[in-house]
Amino acid sequence: MARETIEDAQRICAMEAPTGAEGPRGELVARLLAEAGAPAVETDAVGNVIARFGEDDAASPGARPPVVFAAHLDTVFAAGTPIAFVRDGDRLAAPGIGDNSLGVAALLHLARHLAGHPPARPIWLVATVGEEGLGDLRGAKALIADHELAAFVAVEGTMAESLVVGAVGSLRYRVTVRGPGGHSWGDRGTPSAVHALVRMLDAALAVVPADRDDVAFNVGTIAGGTTVNAIAAQASAVLDLRCGDEAALQAIARDVRAAFAAADDGLSVDVEQVGHRPGGALPAGHPLLHCARRARERANLPAADEVASSTDANAAHGAGIPALTVGISTGGNVHRLDEYLDLPPIADGLRALIALADEVSAAAF
Ligand SMILES: [Zn+2]
């Protein structure tokens, strides 16, 4: 059973899918889901591929909203990146093989199971777009905006040792300062966009609490000016603020944005939000968590570390939908060209995924 999934993962991986250009991979996955026995497969307006199970009486009053199992289609690799598979003992290396070709292939495995064992409640398998980079969870957010969901399970290729029960939230901004510019001597006294940006970044760094280990603030890039003896007419920076608590994230973000409010006369400052991954956590004791723990037991997997991370499940946490993330195997060098996947754990990871679907199918939430 693992061999079929490894072959599926390679077929998926071989079809490039940079964030924002997932279309061809989406078409492939839609075809594979139909071949796996999904009774209804559709592609939505943003490019998510959705396979619905257990909906025979969905039109009847009182039909329950679906539980979603989602795996992202996109990769961090640019169009044209060569995809070669390198097998080394129990490892298989290729760009994107674990993140997230294996996760999508696991959905196909789950589709074959559900086709033979129709669930007692609606279960949707969704291959999403826009999870990586500045995709900003576009697919997961659209799915959640368009449909009422009972729960959301994100499936990742290489996170099998942990259950991701919390979402580290992030807010991302591009700050741009503009001014008149001029000659560094002849126009001395004219405000500089670079000087102003540096001062404001310093103020922003000062307002982020340094004593919380669940907060991170990163000035990822800065750019500006044209040459040594010209007053900079333009300067910009891209910022990433993260926090495990959504309310605290929003409060710190307000303080950070305020640091960019006071520019010198003659300068303009533009703060553009370029990303938001909501933070949150599955409430302790939620039945979905019990389902996930029991599923691991049924697959003879050890109890998992219960951790926080950043996945498609963030979008669900932001909307108050119970959510977690499960992994299928382990691996390493994620987001690198030499990314690899460990093959032996896949079989147990697939067993745990099927057990989770069966647990969820029988659960009352
Ligand atoms: Zn990734």
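Rules of the game
- Residues numbered from 1 in each chain as written.
- Predicted model: local features only at pLDDT ≥ 70, side-chain atom pairs only at ≥ 80, totals over all residues.
- Heavy atoms only, no water.
- 1 Å grid on protein atoms, 1.4 Å probe; cavity = no way out; pocket = protein on both sides within 12 Å on 5 of 7 lines; lining within 4 Å.
- Points joined across faces, edges and corners; volume = space filled by probe spheres on them.
- Nonpolar A, V, L, I, M, F, W, Y, C, P; charged D, E, K, R; others polar.
- Domains from an automatic or database assignment.
- Contact = heavy atoms within 4.5 Å.
- Buried area = accessible area lost by both parts, 1.4 Å probe.
- Salt bridge = Lys/Arg side-chain N within 4 Å of Asp/Glu carboxyl O.
- Polar contact = N/O pair within 3.5 Å; in protein donor to acceptor, adjacent residues only side chain to side chain.
- Axes fitted to C-alpha atoms, helices over the stretch in contact; angles between N-to-C directions.
- Helix = DSSP H or I, 4+ residues; strand = E, 2+ residues; numbered from the N terminus.
- Parallel < 35°, antiparallel > 145°, perpendicular 65-115°, else oblique.
- Donors = N, O, S within 2.8 Å, 3.2 Å for Na, K, Ca; no water.
- Tetrahedral: all angles 85-135°; square planar, octahedral: opposite > 155°, others 65-115°.
- Buried < 20%, exposed > 50% of the residue type's maximum accessible area, 1.4 Å probe, protein only.
- Pairing = 2+ DSSP bridges.

Draft legend 1. View of the layout of surface pockets. By volume, the largest pocket amounts to about 240 Å³. In terms of lining, the largest pocket is formed by 15 residues, of which the most central are D99, E131, E132, S310 and H335. Considered class by class, the residues forming the lining of the largest pocket number 3 nonpolar, 6 polar and 6 charged.

Draft legend 2. Structural view of the domain arrangement of the protein chain. When cut into domains, the protein chain gives domain 1 (2–167 + 280–362) and domain 2 (169–277). For domain 1 and domain 2, the distance between their C-alpha centroids amounts to 36 Å. Taken residue by residue, the interface counts 12 residues in domain 1 and 8 residues in domain 2. A combined buried area of about 750 Å² lies between domain 1 and domain 2, and 36% of that area is made up of carbon and sulfur atoms. Interface area lost by domain 1 to domain 2 is led by L134, D136 and S310, which between them contribute 48%. For the salt bridge of E131 with R277, the shortest nitrogen-to-oxygen distance reads 3.7 Å. Taken together, the links from domain 1 to domain 2 amount to 6 residue pairs in polar contact (both at pLDDT 80 or more). By residue class, the composition of the side of domain 1 that touches domain 2 is 3 nonpolar, 5 polar and 4 charged.

Draft legend 3. Broad picture of the packing of helix 1 (residues 2–14) against helix 2 (residues 23–35). It is at 9 Å that the axes of helix 1 and helix 2 come closest, and there the two elements cross at 155 degrees. Of the possible angle classes, the one that applies to helix 1 and helix 2 is roughly antiparallel. Two secondary-structure elements touch here, helix 1 through R11, I12 and C13 and helix 2 through R25, L28, V29 and L32. For the contact of helix 1 with helix 2, the class distribution of residues is 5 nonpolar, no polar and 2 charged.

Draft legend 4. Quick look at the coordination of the zinc ion. Donor atoms from the polypeptide that coordinate the zinc ion comprise D99 (OD), E132 (OE), E132 (OE) and H335 (NE2), at 1.9 to 2.8 Å from the metal. Viewed at the metal, the 4 donor atoms of the zinc ion are separated by angles of 52 to 142 degrees, and the geometry they form is irregular. A residue is classified by how much of its surface remains accessible, and E132, at 5% relative accessible area, is buried. A relative accessible area of 40% means that H335 is categorised as partly exposed.

Draft legend 5. Geometry of empty space enclosed by the protein. Counted according to the given criterion, the structure contains 2 cavities of 30 Å³ or more. Of the pockets and cavities examined, the largest cavity occupies roughly 110 Å³. Here the residues of the lining of the largest cavity sort into 11 nonpolar, 3 polar and 1 charged. Approximately 50 Å³ is the volume found for the second largest cavity. Looking at the second largest cavity, the residues that line it are C13, E16, A17, R25, T75, F77, A78, I83 and P95. Residue composition of the lining of the second largest cavity, by class: 6 nonpolar, 1 polar and 2 charged.

Draft legend 6. Quick peek at the sheet that holds strand 18 (residues 331–332). Strand order in this open sheet of 4 strands is 4-5-19-18, and the pairing throughout is antiparallel. Since the sheet does not close on itself, it has two edges, and those belong to strand 4 (86–88) and strand 18, each with one partner. Relative to strand 19 (residues 340–342), strand 5 (residues 91–93) runs antiparallel, the two sharing 3 bridges. When the sheet's bridge partners are listed, R91 is paired in strand 19 with D342.

Draft legend 7. Structural view of unusual backbone geometry. A cis amide bond links D99 to the next residue, N100, at an omega of 15 degrees. Phi is positive for N333, close to 55 degrees, though the residue is something other than glycine. In this structure N333 comes out as partly exposed when scored by relative accessible area, which is 27%. Unusually for a residue other than glycine, H335 sits at a positive phi of about 70 degrees. Within the fold, H335 resides in the loop between strand 18 and strand 19.

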